[in-house]
Amino acid sequence: MRETKKENAESSTKKPISVIDYIVQRLADEGITDCFGVPGDYAFPVCDAVDRNPNIRWVGCSNELNASYAADGYARVRGTAMLSTTYAVGELSAINGVMGAKAERSLVYHVVGMPSYQNQRLHKIMHHTFGDGVFGNFVNISAQAACCHAVIDPDNCMIEMERVIEEARRNNQPAYIVVPADYARATVTPTEVSPVTLKSDEASLKKAVAAIAERVRGAKSIVAFPAFTVARLRLQKEARQAIEALGCPFATTTMEKCIIDESHPQFAGLYAGALSTEKTRKIVEDAELVLDLGGISLNDETTAGFSGRLDPARFVSIGLNDVRIGEQVFGNVRLPDVLAALATLKSSAPPYRRTPEQAQPVNGKPSDKITMDPLYPRYAAFIRPGDTVVLETGSSSLGLPPMTLPDDVQVHIQMLWGSIGWATGAAFGIALADPNRRTILITGEGSHQLTANEIGNMGRYGANPIILVLNNDGYMVERALEPNPDWSYNDLAKWRYADLPRALGCADWVTARVETLGELDAAMKAARESRSGAYIEVIGGRMDMPKALTFAHTRIKELYGDAAV
């Protein structure tokens, strides 16, 4: 791909091309084949350029927030994504989703069309503004959602595009690219540019690896944490090879569920503080050395309300661009290079091989009402190799992760940013990013009501997900995270969820509303056999919740402080 990018960059200096056509093609060179967005008049040049470019498809979304969620999901699978919105009203509607991508390191290029430079220079009173003739009010806001940004004009276009692409790739976070409408249509000023290849400083890398090797040699027990960033950079193979070379156990948090196949003989289980199995907790918390491969996020969610006992002094943290060992920091060191070096090291600690565990039983009679205890084992048994599972923040992201899943399953959760509604929009982008895998969305009704209108675009663009919506009469996770679960603000409009696909244009989808385990089993069988999308409304109890959510209710003080108790 780098050679292609270089050729395109060089050829662009030899033939006239508009600013926006250059931007779109340069992003297509990064491997992006779909642009998520909502049209708007200031962004018409962007929309036009995407529509006429044979290498990238316009994917219209129901609103800008959904589009940002979809781009985030797409980037998790493809490595990078493109989002297009219009000035002010569009970009600000998308900003929550873009910030979530920044928090969880999804590389999204957010391209915004703004009023023409001519109208800016004349301070005209234009729509989508405060009416004050000032047009820079929102650039700084959107820029905060990105790791870098650029206001593009014909003279700086080629240089600035290489700068923001390099910086976005270095941090694997969003870039914000804004271009006035008249500049977008103008011809690029030819400039000699070369795409940058990110690599480590050799001297710093050598010192970092030597320091890691010293810690590895001296440790009697080691555990590895492959972080979610390993998946974002698609370095799962490299992380697995490093872990296998060291022979040590590895654990994951919910953010890394299935990052390496859970059948791997060195997999020590899911770590979630006090909610971990005793065996997993002992392996992780008693290890003399913890290898953090990529920058793990030990937040309140992944640690079950900070209920873990982890000593930071035992950590060797390998980030995207540096290595930290105690008070030592080795900068300008890239994660892929360190993983490659780790694969050449040997540990004196005893090699770890797990004892295979029995699969979780699928219990319950067909006539039984649906409860959480038999529900999540059924979901786990339903998931097959080659599936991609998208879990909404809330009960879904706490109920399924403790279940062991088959090999070659991908799991996506927005555990750190935790914006409810993310999963439905993200599932759309994920399904389009890799149509060869079956996307399974598991969400609760409260989150789903925020973004359910994106189902129409799933059908429009041929995404065929299986959607499982838990209807338990309100915001379950909110009821669990406060002393009084019965406040009226935790109630919801009573939708007829199973009717949504038909109402939104997906008349060929399989749909069902199920109240018993037998009805659920039959509906899931029909969903799996369907070549179109499938939508199952699962009726659950109002206060029936996964064990992890019940535990969270006991950690309110630790999560929120004394004032919340």
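Residues numbered from 1 in each chain as written. Predicted model: local features only at pLDDT ≥ 70, side-chain atom pairs only at ≥ 80, totals over all residues. Heavy atoms only, no water.

*Asks:* So what's going on with unusual backbone geometry? Residues and values would help.
*Replies:* Unlike most non-glycine residues, Cys 258 shows phi in positive territory, near 65°. For Cys 258, a relative accessible area of 9% corresponds to the buried category. Backbone geometry places Ala 304, a non-glycine residue, at a positive phi of 55°. Given a relative accessible area of 10%, Ala 304 falls into the buried group. (Buried < 20%, exposed > 50% of the residue type's maximum accessible area, 1.4 Å probe, protein only.)

*Asks:* Summarise the pattern of salt bridges; cite the residues concerned and give the values.
*Replies:* The tally for this structure, following the rule as stated, stands at 29 salt bridges. A salt bridge links Arg 281 to Glu 285, with the nearest nitrogen and oxygen atoms 2.9 Å apart. Separated by 4 residues within a single helix, Arg 281 and Glu 285 lie in helix α13 (residues 278-285), roughly one turn from each other. Residue Arg 281 is classed as buried on the basis of its relative accessible area, which comes to 13%. The buried category is assigned to Glu 285, whose relative accessible area is 8%. Its salt-bridge partner being Asp 473, residue Arg 542 comes within 3.5 Å of it at the nearest N-O pair. Of this pair, Arg 542 sits in the loop between β19 (534-539) and α23 (547-553) while Asp 473 is found in the loop between β17 (466-471) and α20 (476-480), placing the two residues 69 residues apart along the sequence. Residue Asp 473 is classed as partly exposed on the basis of its relative accessible area, which comes to 31%. Each of Asp 473, Arg 479, Asp 486, Asp 491, Lys 494 and Arg 542 takes part in a single network of salt bridges with overlapping partners. (Salt bridge = Lys/Arg side-chain N within 4 Å of Asp/Glu carboxyl O. Helix = DSSP H or I, 4+ residues; strand = E, 2+ residues; numbered from the N terminus.)

*Asks:* Could you give an account of the sheet that holds strand β16 (residues 438-444), with specific residues and numbers?
*Replies:* Strand order in the open sheet made by the 6 strands is β15-β14-β16-β17-β19-β18, with parallel pairing throughout. The open sheet is flanked by β15 (410-413) and β18 (510-514), the only strands paired with a single partner. Strand-to-strand, the axes of this sheet are offset by a mean angle of 15°, without reference to chain direction. Pairing of β18 with β19, which is carried by 5 bridges, proceeds in the parallel orientation. If you follow Ala 512 over to β19, its bridge partner there is Ile 536. The strands touched by helix α15 (residues 372-382) within the sheet are β14 (387-391), β16, β17 and β19, with β17 carrying the most contacts at an inclination of about 175°. (Pairing = 2+ DSSP bridges. Axes fitted to C-alpha atoms, helices over the stretch in contact; angles between N-to-C directions. Contact = heavy atoms within 4.5 Å.)

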